[in-house]
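Residue strings, one per chain:
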Amino acid sequence: MPTYNRYELLKRALKSVFSQKLLPIEVIVIDDGSNDNTSKIQNDFPQIKYLYQHNRGVSSARNTGIKKASCEWIAFLDSDDEWHPQKLQKQVEFHKNNPNILMSYTDELWIRDSKELKVPKKFQKHGGEIFEKCLSHCIIAPSSALVHKSMFESIGIFDENLEVCEDYDLWLRVASKEKIGLVNEKLIVKYAGHENQLSFKHWGMDRFRVIALEKLLNSEFKTQVIEQLIKKYNLLLKGAIKYDRIADKQIYEKRLKELENELN
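What comes next is a walk through the structure.

Thresholds, definitions, all that
Residues numbered from 1 in each chain as written. Predicted model: local features only at pLDDT ≥ 70, side-chain atom pairs only at ≥ 80, totals over all residues. Heavy atoms only, no water. Phe/Tyr/Trp six-rings, centres within 6.5 Å; stacked < 30°, edge-to-face > 60°. Helix = DSSP H or I, 4+ residues; strand = E, 2+ residues; numbered from the N terminus. Buried < 20%, exposed > 50% of the residue type's maximum accessible area, 1.4 Å probe, protein only. Lys NZ or Arg CZ within 6 Å of the ring centre and 35° of its normal. Pairing = 2+ DSSP bridges. Right-handed = clockwise from strand over helix to strand, strands pointing away.

1. Considerations on the packing of aromatic side chains
Part 1 of the argument: By the definition in use, this model includes seven aromatic pairs.
Part 2 of the argument: Residues Phe-158 and Trp-171 carry aromatic rings whose centres are separated by 5.8 Å and whose planes lie at 75° to one another, so their mutual orientation is edge-to-face. Placement of the pair is Phe-158 in the loop between helix 5 (149-155) and helix 6 (166-175) and Trp-171 in helix 6, with a sequence separation of 13 residues. Here Phe-158 matches Trp-171 in class, with each residue buried.
Part 3 of the argument: Centroid distance Tyr-233 to Tyr-252: 6.0 Å. Interplanar angle 45°. Geometry classified as tilted. Separated by 19 residues along the polypeptide, Tyr-233 in helix 8 (residues 222-242) and Tyr-252 in helix 9 (residues 246-263) bring together distant segments of the chain. The residues Tyr-233 and Tyr-252 share a single accessibility class, namely buried.
Part 4 of the argument: Here the aromatic residues Phe-76, Phe-152, Phe-158 and Trp-171 are joined through ring pairs into a cluster of three or more.
Part 5 of the argument: The side chain of Arg-12 reaches across the aromatic face of Tyr-191, ending 3.7 Å from its centre.

In structure tokens form, the structure reads like this:
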């Protein structure tokens, strides 16, 4: 569980962890440089492992947790999310029935101001060979993922150079190589609209998605990756023109020409 200055939200998240029908063997909280009351969290939950690091971002915090974890399977939970009481139980059952699948995720419930939000169609969940379903947007919430530790050894860990879209990047890399299981039930709750959400921090989120996509140009999905890159660079180009970002405009125009030539 990565966290940064979200003490009260972290307590809510941890309550959902310890309300699981199938309790986790260990719970690791990575405090990514908080200066609120987060350091006191072990007073509330003495059974957790609490690790502090200087602020290096959510990718670094998750990677620290992965490296410190002693278990064969690793689940993630962001401090502003919650798990349904049967979340871990249902995923463990799935993997017992599908031993060749080394990662699964679940559907999710979105809440804002105590009201359920309708999840946009583009975030519809899919299981199996889902690489192409993951190209446009990240459909896998980290809080819903359960991953065998060997996956990180073969695919790699979160890219610490990405401030956002680090989950999109990792799940794309996984989906390019492996089947991903889906437990098609709303087993996590995501709360929208509070301060400091990373998804609202940056303009042009596709700037980070194209970095992830560029890594996959040598994969077996090269054509699909190029087609998606062209779409995203065109969107970024429109934004650069609108906001008079001359240097960005030139970069995007150049890259678009290169990709269009490669596709043709």
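2. Considering the pairing of strand 2 (residues 28-32)
Along any regular strand, the residues point their side chains to alternate faces of the sheet.
Part 1 of the argument: For strand 2, the tally of buried residues reaches five of five residues, placing the bulk of the element in the interior.
Part 2 of the argument: Of the two faces of strand 2, the one lined by Ile-28, Ile-30 and Asp-32 and the one lined by Val-29 and Asp-31 are each fully buried.
Part 3 of the argument: One ladder, built from two bridges, connects strand 1 (residues 2-3) with strand 2; its direction is parallel. Pairing of Pro-2 across the sheet is with Ile-30, part of strand 2.
Part 4 of the argument: In this region the chain leaves strand 1, passes through helix 1 (residues 7-17) and returns to the parallel neighbour strand 2; the handedness of that crossover is right-handed.
Part 5 of the argument: Where strand 2 meets strand 3 (residues 49-53), five bridges bridge the pair, whose relative direction is parallel. Each bridged residue has a counterpart across the sheet, and for Asp-31 the counterpart in strand 3 is Tyr-52.

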